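Next come the chains, spelled out residue by residue.
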Amino acid sequence: MKMKASGVMLSMILVLTFWMNAWAAEPHARAREFLQTTVVRSYFSEALDLKQSNLIYSLFTEDAKQHFNGYLHLTGVDQIYQNTAMANKIFTQFHTDIQDIAADGDKVVAHVTHTALCIDSTSPGFPGGPAYMPSRGGPILLQGQTIQWEAMARFKFNKRLKIEEEWIVRDELNILLMSGTLTFENF
């Protein structure tokens with residue numbers, strides 16, 4: 001009988017030890033997820049809204065990847081920086097409302113609404129002629145219009161809290177409609 005009791009006791013100790021280790025790790029995981037969401041919030045509020053493109057180098061890994069709706073794939077922090085810097089130039093004003101944000105493990109998902117005022121690249125004296133925003137539905141001529149769109153972004157982080165990969169799915173149809181590139185007469 002002593003063998004059975006000690007076996008049960010050993011099992012209880014092992015289970016209790018496992019449970020305590022898992023419980024102790026949970027606050028660490030939640031803290032990490034909080035920090036990851038803070039990085040994502042910084043990406044939207046500072047790198048995009050405040051036009052601080054250089055922050056890309058501190059937020060993304062050297063070999064990071066960024067994917068837009070399956071049509072534009074950027075590799076490396078330099079390409080991501082260049083794309084962000086271009087966006088910061090073609091939009092004279094940019095604002096992000098984070099509708100929802102959630103973290104799980106090494107991933108963060110954000111549902112956002114962007115509102116942007118485009119430059120008017122058709123105005124007399126604009127250097128280089130008309131400018132276009134790339135889109136899956138075709139290039140969008142920038143004529144000083146205000147556009148608003150929703151997007152879902154999924155971020156994957158490394159162990160040093162830097163973004164390794166970002167997938168962006170945005171409401172391209174609404175961008176095309178609000179910019180005047182596409183009208184209902186086209187249907």
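Residues numbered from 1 in each chain as written. Predicted model: local features only at pLDDT ≥ 70, side-chain atom pairs only at ≥ 80, totals over all residues. Heavy atoms only, no water.

J.: Teacher, can you tell me more about the sheet that holds strand 3 (residues 91-104) here?
T.: Consider a sheet: its strands pair through backbone hydrogen bonds, and that pairing is either parallel or antiparallel. Overall, mixed pairing links the six strands, which are arranged 2-1-8-7-4-3 in an open sheet. Among the strands making up the open sheet, the edge pair consists of strand 2 (72-75) and strand 3. Across the sheet, the mean angle from the axis of one strand to that of its neighbour is 20°, orientation sign disregarded. In terms of strand pairing, strand 1 (residues 60-68) meets strand 2 through four bridges, oriented antiparallel. (Pairing = 2+ DSSP bridges. Helix = DSSP H or I, 4+ residues; strand = E, 2+ residues; numbered from the N terminus. Axes fitted to C-alpha atoms, helices over the stretch in contact; angles between N-to-C directions.)

J.: It is not clear to me how the packing of aromatic side chains should be interpreted in this structure. Could you clarify?
T.: The relation between two aromatic rings is expressed through the spacing of the ring centres and the mutual angle of the planes. For the structure shown, the criterion picks out eight aromatic pairs. Summarising the aromatic geometry, the rings of Tyr57 and Tyr81 are spaced 5.2 Å apart at their centres and angled 35° between planes, so their arrangement reads as tilted. Pair noted here: Tyr57 is in helix 2 (residues 56-59) and Tyr81 is in helix 3 (residues 77-90), with a separation of 24 residues, a long-range link. Tyr57 gets classed as partly exposed once you look at its relative accessible area, which sits at 35%. Residues Phe91 and Phe94 carry aromatic rings whose centres are separated by 5.4 Å and whose planes lie at 45° to one another, so their mutual orientation is tilted. Through pairs of rings, three or more aromatic residues link up here, namely Tyr43, Phe44, Phe60 and Phe155. (Phe/Tyr/Trp six-rings, centres within 6.5 Å; stacked < 30°, edge-to-face > 60°. Buried < 20%, exposed > 50% of the residue type's maximum accessible area, 1.4 Å probe, protein only.)

J.: Explain helix 3 here, please?
T.: The α-helix advances 3.6 residues per turn, and as a result positions three or four apart in sequence lie on the same side. Spanning 14 residues, helix 3 covers 20 Å between terminal C-alpha atoms, matching the ideal 20 Å at 1.5 Å per step. For helix 3, the complete set of buried residues consists of Val77, Ile80, Asn83, Thr84, Ala85, Ala87, Asn88 and Ile90. (Expected span 1.5 Å × (residues − 1).)

Nothing here speaks to function; it is all geometry.
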